[in-house]
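Listed below, chain by chain, are the residues.
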Amino acid sequence: NFISLSVLQGLNYLLPLVTFPYLVRVLGVEKFGLLAFVSATIGYFQILTDYGFNLSATRDISIHRDDKEKVEDIFSAVMIIKCGLLVLSFLLLTTLVFSFEKFRQDWLVYYLTFGMVVGQTLFPVWFFQGMERMKYITFLNILAKALFTIAIFIFVKEESDYWMVPLLNSLGFVVAGSISLYVIFKNFNTRIKFPTKNAIIFQLKEGWHIFVSTVAISLYTISTPFILGVFTNNIIVGYYSAADKIVSALQSLLTPFSQTLYPYFSHISNISKKLLLKQIGKICNTIIPLIFCIFIVFEIFSEKVTEILFGISDKNIYTSIQILLFKFLFVSIAHVFANLFLLASGYVKNWKRMIFRAAFIGLNLTFFLVYICNLGLLGALLSVIVTEFFVLTSSIYYYIKIKKEII
């Protein structure tokens with residue numbers, strides 16, 4: 001399961017690193033920025049249809065996986081809810097697209113990209129995780145992303161082909177989702193049946209708190225390119241998104257490491273909080289120096305990285321990378337204190353309080369710097385750095401405070 005998740009996480013960032021430099025060169029920064037803005041918009045609907053089930057339903061399936069009837073009840077209730085949220089998302093998208101000229105002029109791209117929401121709804125990742133059959137997730141995702149990557153190089157040859165990018169991406173998601181349902185029906189002998197009212201209400205309640213937290217996090221993550229797209233132009237969004245993809249790929253290097261330690265630290269926390277503090281100290285002595293080394297190396301060679309990936313030395317891109325590398329630094333260190341300590345040791349209220357405050361700061365600061373101060377790209381970059389620095393300092397503050405209480 002660990003190997004499957006590690007391979008999947010690696011490919012989630014490796015394959016886009018293969019395609020997006022090509023797309024920037026072929027489509028140009030403006031069309032690439034348009035696709036990034038549309039993806040950020042559609043990202044809200046992905047959050048709505050996920051609803052937090054990737055954690056709540058995973059836990060529920062895991063607990064009852066030996067009870068076939070109970071598993072079918074959970075599976076049916078969650079899928080029915082997700083399909084309802086999918087219909088709601090489509091209606092909201094239609095209202096958005098045809099109410100504002102900015103969205104209406106590229107209506108086709110929005111609907112083609114919406115196929116990702118359809119595919120994601122069909123693909124019950126939570127079911128496979130709950131049954132601890134991660135190999136299916138890995139295989140189907142690799143299949144979909146590999147086909148999409150190959151198709152990009154075959155069909156997208158010039159700027160006018162930009163609409164094919166969301167089409168191909170959506171097809172990959174829908175195909176993977178359809179196959180996943182077939183696997184569930186055949187290999188797990190699980191069927192969809194009409195769930196009871198109580199089963200639906202229970203799943204909605206279970207996923208609600210996670211959903212709210214996910215929305216809060218999205219307000220200072222995917223909202224940045226969205227706000228940029230609304231108040232500036234697609235070229236600015238293109239610069240930001242190109243740089244952000246590089247930095248996000250760096251952050252993904254630490255994800256398998258975190259996924260492995262989180263359950264281990266959760267177990268240690270139940271045994272002894274003092275032992276957990278000792279382990280956190282060891283992690284700080286090993287992982288933080290590594291994070292600083294990666295940060296310094298990419299700060300020095302950011303211009304060279306831009307030249308290698310995009311074939312040009314664009315100051316807007318490599319300067320954005322240099323600034324967003326502070327995001328990598330802050331997020332990576334904060335993750336140790338926020339996730340591996342606060343969440344693993346059960347201090348969920350402190351974590352949620354910090355996230356909601358960060359969401360409030362990030363959303364308002366981005367709007368203020370981008371729109372009110374008219375700083376455009378620079379405003380968005382500064383907002384991201386300030387917000388992530390707030391998360392870092394807050395997580396360290398809670399760590400020190402709780403550590404004093406434990407000791």
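Residues numbered from 1 in each chain as written. Predicted model: local features only at pLDDT ≥ 70, side-chain atom pairs only at ≥ 80, totals over all residues. Heavy atoms only, no water.

Caption draft 1: View of the overall build of the protein chain. Within the protein chain, the regular secondary structure consists of 18 helices and zero strands. For 407 residues, the compact-globule estimate of 2.2 N^0.38 gives 22 Å, and the C-alpha radius of gyration of the protein chain, at 21 Å, lies within 12% of that figure. Its C-alpha atoms give the protein chain principal-axis dimensions of roughly 55 × 50 × 35 Å. Partitioning the intrachain contacts of the protein chain with sequence separation of at least 6 by distance along the chain shows that 82% fall at a separation of at least 24. (Helix = DSSP H or I, 4+ residues; strand = E, 2+ residues; numbered from the N terminus. Rg over C-alpha atoms; globule rule 2.2 N^0.38 Å. Contact = heavy atoms within 4.5 Å.)

Caption draft 2: View of helix α16 (residues 315–343). Over its 29 residues, α16 runs 39 Å from end to end, which matches the ideal 42 Å to within 8%, given 1.5 Å per residue. The principal kink in α16, of about 35 degrees, is found at His 335. With a side-chain oxygen lying 2.9 Å from the backbone nitrogen of Asn 316, the N-terminal cap of α16 falls on Asp 314. (Expected span 1.5 Å × (residues − 1). Bend = angle between axes of the 7 residues up to and from the residue. Polar contact = N/O pair within 3.5 Å; in protein donor to acceptor, adjacent residues only side chain to side chain.)

Caption draft 3: Just the pattern of salt bridges, in detail. Summed over all chains, the structure comprises six salt bridges. Between Lys 193 and Asp 73 there is a salt bridge, with the nearest N and O atoms lying 2.9 Å from each other. Linking Lys 193 in the loop between α9 (164–187) and α10 (197–219) with Asp 73 in helix α3 (residues 68–97), this pair joins segments that are 120 residues apart in sequence. On the accessibility criterion, Asp 73 (28% relative accessible area) is partly exposed. Note that Lys 327 is salt-bridged to Asp 244, the shortest N-O span being 2.9 Å. Remark: Asp 244 occurs in helix α12 (residues 234–252) and Lys 327 occurs in helix α16; sequence separation between them is 83 residues. Residue Lys 327 is classed as buried on the basis of its relative accessible area, which comes to 12%. (Salt bridge = Lys/Arg side-chain N within 4 Å of Asp/Glu carboxyl O. Buried < 20%, exposed > 50% of the residue type's maximum accessible area, 1.4 Å probe, protein only.)

Caption draft 4: Main features of helix α6 (residues 115–122). Taken across its eight residues, α6 has six buried, putting it largely inside the fold. All buried positions along α6 are accounted for by Gly 115, Met 116, Val 117, Gly 119, Gln 120 and Thr 121.

Caption draft 5: Broad picture of the packing of helix α11 (residues 223–231) against α12. As a packed pair, α11 and α12 sit with axes 8 Å apart at the nearest point and diverge in direction by 160 degrees. In terms of orientation, α11 and α12 fall into the roughly antiparallel class. The handedness of the crossing between α11 and α12 comes out as right-handed. Contact residues: Thr 224, Pro 225, Leu 228 and Gly 229 in α11; Ile 236, Val 237, Tyr 240 and Ser 241 in α12. Broken down by class, the residue content of the contact of α11 with α12 amounts to five nonpolar, three polar and no charged. (Axes fitted to C-alpha atoms, helices over the stretch in contact; angles between N-to-C directions. Parallel < 35°, antiparallel > 145°, perpendicular 65-115°, else oblique. Left-handed = near helix turned anticlockwise from the far one by under 90°. Nonpolar A, V, L, I, M, F, W, Y, C, P; charged D, E, K, R; others polar.)

Caption draft 6: Structural view of the packing of aromatic side chains. Under the counting rule described, the total for this entry stands at 32 aromatic pairs. Relative to Phe 114, the ring of Phe 45 lies with its centre 6.3 Å away and its plane at 70 degrees, an arrangement referred to as edge-to-face. Residue Phe 45 is located in helix α1 (residues 2–50), and its partner Phe 114 is located in the loop between α5 (107–113) and α6; the two are separated by 69 residues in the primary sequence. Since its relative accessible area comes to 8%, Phe 45 is described here as buried. Between Phe 75 and Phe 185, the ring centres sit 6.5 Å apart and the planes meet at 85 degrees, which makes this aromatic pair edge-to-face. You can see Phe 75 sitting in helix α3 and its partner Phe 185 sitting in helix α9, a full 110 residues away along the chain. Cation over ring: Lys 31 sits above Tyr 162, and NZ or CZ is 4.3 Å from the ring centre. (Phe/Tyr/Trp six-rings, centres within 6.5 Å; stacked < 30°, edge-to-face > 60°. Lys NZ or Arg CZ within 6 Å of the ring centre and 35° of its normal.)

Caption draft 7: Examining the packing of α3 against α6 more closely. At a closest axis distance of 10 Å, the pairing of α3 and α6 adopts a crossing angle of 170 degrees. In terms of orientation, α3 lies roughly antiparallel with respect to α6. Here Met 79, Lys 82, Cys 83 and Leu 86 of α3 come into contact with α6, specifically with Val 117, Val 118, Gln 120, Thr 121 and Leu 122.

Caption draft 8: Structural detail: the nonpolar core. Of all hydrophobic cores here, the largest spans 95 residues; its most connected members are Leu 23, Ile 152, Val 165, Phe 265, Ile 280, Phe 328 and Phe 341. The residues touching Phe 265, leaving out its near neighbours within four places in the chain, are Leu 276, Gln 279, Ile 280, Ile 283, Leu 340 and Ala 344. Within the second largest apolar cluster, 29 residues are counted, among which are Ile 47, Leu 85, Leu 181 and Val 183. (Core = buried A, V, L, I, M, F, W, Y, C linked by side-chain atoms within 4.5 Å.)

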